[in-house]
Amino acid sequence: MKVYDGKDVRNVAVAGHGDSGKTSLVSGLLYAAGMVNRLGRVDEGNTVTDFDDDEMARKVTIMTALAHAEWAKTKINLLDTPGYNIFINDTKAAMVAADAALVLVDAVAGVEVQTEKVWAFTEEYGQPRLMVMNKLDRERASFERALESIHKVFGRTAVPVQLPMGEERAFRGVIDLLAMKAYSYQSGGDGKGEAGEIPGEFAEAAQSAREKLVEMVAEGNDALLEEFFDKGTLSPEQLRQGLREAVVARRIFPVACASAYHNIGADLLLNLIVDFLPTAVERGTVTGYTKLEEGGEPITRRVADSEPVSVFVFKTSADPFAGRISYYKVCSGVLKNDATLTNFTKGQAERFAHITVGQGKEHVGVQELRAGDIGVVTKLKDTLTGDTLGDKAAPILYRPVKLPEPLIAFAIQAKSRADEDRLGQALHRILEEDPSLRFYRDGQTKEFLLAGAGQQHVEVIVSRLKKRYSVEVQLKAPKVPYRETIRGTADVEGKHKKQTGGHGQFGVCNIKMEPLPRGAGFEFVNDIFGGSIPRNYIPAVEKGVVESAQRGFLAGYPVVDFRVILHDGKYHDVDSSELAFKIAGSLAFKNAMREAKPILLEPIMNVEVYAPEQYSGDLMGDLNARRGRIQGMDNRAGTTVIKAQVPMAEMLTYATDLTSMTQGRASYSMEFSHYDTVPQQIAEKVIAAAKAERGEAVEEAET
Ligand SMILES: Nc1nc2c(ncn2[C@@H]2O[C@H](COP(=O)(O)OP(=O)(O)OP(=O)(O)O)[C@@H](O)[C@H]2O)c(=O)[nH]1
Ligand SMILES: [Mg+2]
């Protein structure tokens, strides 16, 4: 593979709502640039970027993949990201390596929930964007209506630089408003259009859209604005230059037209990427830190070959054959093949024995990678996602991407003893490649829990365990992370006294307990005067309270949002010990809970459902039945958006239920909002179930 200068590289994230056509579009771009010799199709499982078994089986992108197109003396690195909400953490984690984004919008559905989500990521990373109105060939596609929804959500700064020639089945090409030419394409062809005059029927619309574009470009630039007032227009060169500046400054988001399925518009898109999106070098500098904890000083590096080399690992994948594969961005300096870098996060040396660039699952060797490029390497020993590596003499740490905590946990059980033995190690590898997962043991039930962004996310992991590592596990019903708290107050004694011949144990503490506001956690106040408990035993009392609170009182869930005031006690010169006071603290806690009107809390989720209008009545009724509180309803281009707050316990099977209620035409997103009281009747059931479960666990342990 040829070595590219950073100024000839574009790093572009391809992002958008699930199913908007990202993988298909990347496929078409690669074909148009001659990187592959056929148009890969998601439905046939032969695209470059959906190469994982599960992706091919589900026809859904699960993990971000890297590909590159060489076009007009430029290397375009394309990051094909997932669009489904349960996989969107991976999108966020990988997008950080991009310097610009293509945001796809479905021409039928308009802006959807994940479109907004990925838009927010691009904002966070300060990326200039091109918007691609895709699926213009589909029945009910409407450029105008979808553009309206873009304007409504993202504002007027989204400006068409192209118009579709025809729509729905008649969509056959693209009118380029910059060159004022029409390009016609062969369906399923090589993505290269044939240029011609703009047909008469589109001439007027094209003229007015171009005027609008010129006006928008002129508006943000005083020199151009003067020219525009003078001459009534801009020269083609001024327009291109002005537009580029506006795109890089994120003042204008150009809107292009495509059908990824028919490979219409691919060459124009490649041109837009090369001509209007910035390089990493052009973005100037990157900021790292001397350390990531508090007190770390910022370090600024120029994205230049002359700086010391530093790379940031934004993605790791675990291949059962090739081993660990690391994807990184060269943030500064030049990475040479066979270089040894220092991992500043782990403090270890790592050898980049064979550096490559990615084309889906294929890796192509390269001699060096310059500042602002993206590369791949296998077999790093201790390096994981979020690590920074570089020249030993010039340490720096880039900040890892922060991902939200998982939403839902399932208990998993190995099918056989052999599976159980291999489970830990297999999961360890899988967790390396997906930092949004959690695997832990429930302190109460002793079950192993696997937590992810949604049921499907966890199911994908189960399937990966089986396919890649031949480990079979069963999923049990998801767990709701209930909490306990108190509504009333208590003033009680906790007394631990034991006389078993010789040395005894003695400790007494008197505590008051009172509720704190939601989210306040736990507070311990030492109100002992006059030494009724010696100072050195007080932390033991607190520890006894905290540990008991973790074990719960009603149903074994952690007790939160309360204050304990230790105000009196008794001790014995010989028999008192830390252990005795810890036990006294724990007894006092239990006594207090009994009096302080304990209640159960449950997580409440913010839910947004997107569905065609006709389902809104049914969906609202269903959300009500799930104890949901409807917060609002909105209509965007024929799509109803319902916002509601619903207890998590009622949403465990929502993905499946929603699909069957709407024939798969709806989608939703869900995020944690707050904890609230569980209604009495339901609380009783939860408590009974928790007790039954614990009873079983005890019996099992005894046999
Ligand atoms: N008619 C039509 N279908 C399209 C077009 N682009 C993609 N599709 C189809 O839409 C479906 C989803 O396409 P993908 O390319 O997998 O979409 P995606 O955005 O990568 O989906 P995720 O990665 O799962 O979020 C597939 O069945 C494609 O064949 C298009 O322009 N027109
Ligand atoms: Mg995809």
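Worth saying up front: this structure is predicted, and the values here are computed from it rather than measured.

Quick look at the site of ligand 1
In the vicinity of ligand 1 lie 20 residues, with Lys22, Ser24, Asp43, Thr61 and Asp137 positioned nearest. Here Lys22 contributes a side-chain N or O atom positioned 2.7 Å from an oxygen atom of ligand 1. Within the side chain of Lys135, an N or O atom sits 3.2 Å from an oxygen atom of ligand 1. Coverage of ligand 1 by the protein amounts to 91% of the 650 Å² it exposes when considered alone. For the shell around ligand 1, the leading source of residues is helix α1 (residues 22–32), giving three residues.

Some points on the coordination of the magnesium ion (ligand 2)
The magnesium ion (ligand 2) binds to the protein through Thr23 (OG1) and Thr61 (OG1), with metal-donor distances spanning 1.9 to 2.0 Å. A residue pair is termed long-range when its members are at least 10 positions apart, and Thr23 in helix α1 and Thr61 in the loop between α2 (53–58) and β2 (65–71) qualify at 38 residues. Just as Thr23 is buried, Thr61 falls in that class too.

A few points about the sheet that holds β2
Read from one edge of the open sheet, seven strands run β2-β3-β1-β4-β5-β11-β6, paired in mixed fashion. Each edge of the open sheet carries a strand with a single partner, namely β2 and β6 (158–160). Sheet twist, expressed as the mean angle between neighbouring strand axes with direction ignored, is 30 degrees. By the bridge criterion, six bridges tie strand β4 (residues 100–106) to strand β5 (residues 129–134) in an arrangement that is parallel. If you follow Val105 over to β5, its bridge partner there is Met133. Against the sheet, α1 touches β1 (9–16), β2, β3 (74–80) and β4, its axis set at about 160 degrees to β3.

Describing the sheet that holds strand β24 (residues 408–414)
Spatially, four strands are ordered β25-β26-β24-β27 in an open sheet, and the strand pairing comes out antiparallel. Pairing within the sheet leaves two strands with one partner each, and these edge strands are β25 (438–441) and β27 (473–479). Taking each pair of neighbouring strands and ignoring which way they run, the sheet shows an average axis angle of 30 degrees. Note: β24 against strand β26 (residues 448–452), five bridges, orientation antiparallel. Bridging across to β26, Ala409 finds its partner in Ala451. Across the sheet, helix α11 (residues 417–433) touches β24, β25, β26 and β27, and the angle it forms with β24 is around 145 degrees.

About the thresholds
For every chain, the first residue of the written sequence is number 1, and numbering continues from 1 onward in sequence order. Going through the entries in the order they are written, you letter the chains from A and number the ligands from 1. With the structure being a predicted model, the display of local features is reserved for residues of pLDDT at least 70 and the display and counting of side-chain atom pairs for 80 or more, all residues being used for whole-chain, interface and lining totals. Neither water nor hydrogens contribute to the side-chain values; these are computed over all heavy atoms in the structure. Any residue with a non-hydrogen atom lying within 4 Å of a molecule or strand is treated as near it. Polar contact criterion, stated in full: a pair of N or O atoms within 3.5 Å, where within protein one must be able to donate a hydrogen and the other to accept it, and residues adjacent in sequence count only if both atoms are side-chain atoms. Using a 1.4 Å probe, the Shrake-Rupley method yields the accessible areas, and only the shown protein chains count as cover for residues. A run of H or I in DSSP counts as a helix once it spans at least four residues, and a run of E counts as a strand once it spans at least two, with each numbered from the N terminus. The donor set covers N, O and S atoms within 2.8 Å of the metal, switching to 3.2 Å for Na, K and Ca, and it leaves out water, so a site may look short of donors. When a residue's accessible area, from a 1.4 Å probe over protein chains only, is under 20% of the maximum for its type it is buried; when over 50% it is exposed; and in between it is partly exposed. Note: two strands are recorded as paired if DSSP finds a minimum of 2 bridges between them. An axis is simply a line fitted to the C-alpha atoms; with a helix, the fit covers only the stretch in contact. Between two such axes, the angle follows the N-to-C directions and lies from 0 to 180 degrees. Contacts were defined at the residue level, with two residues in contact if any of their heavy atoms lie within 4.5 Å.

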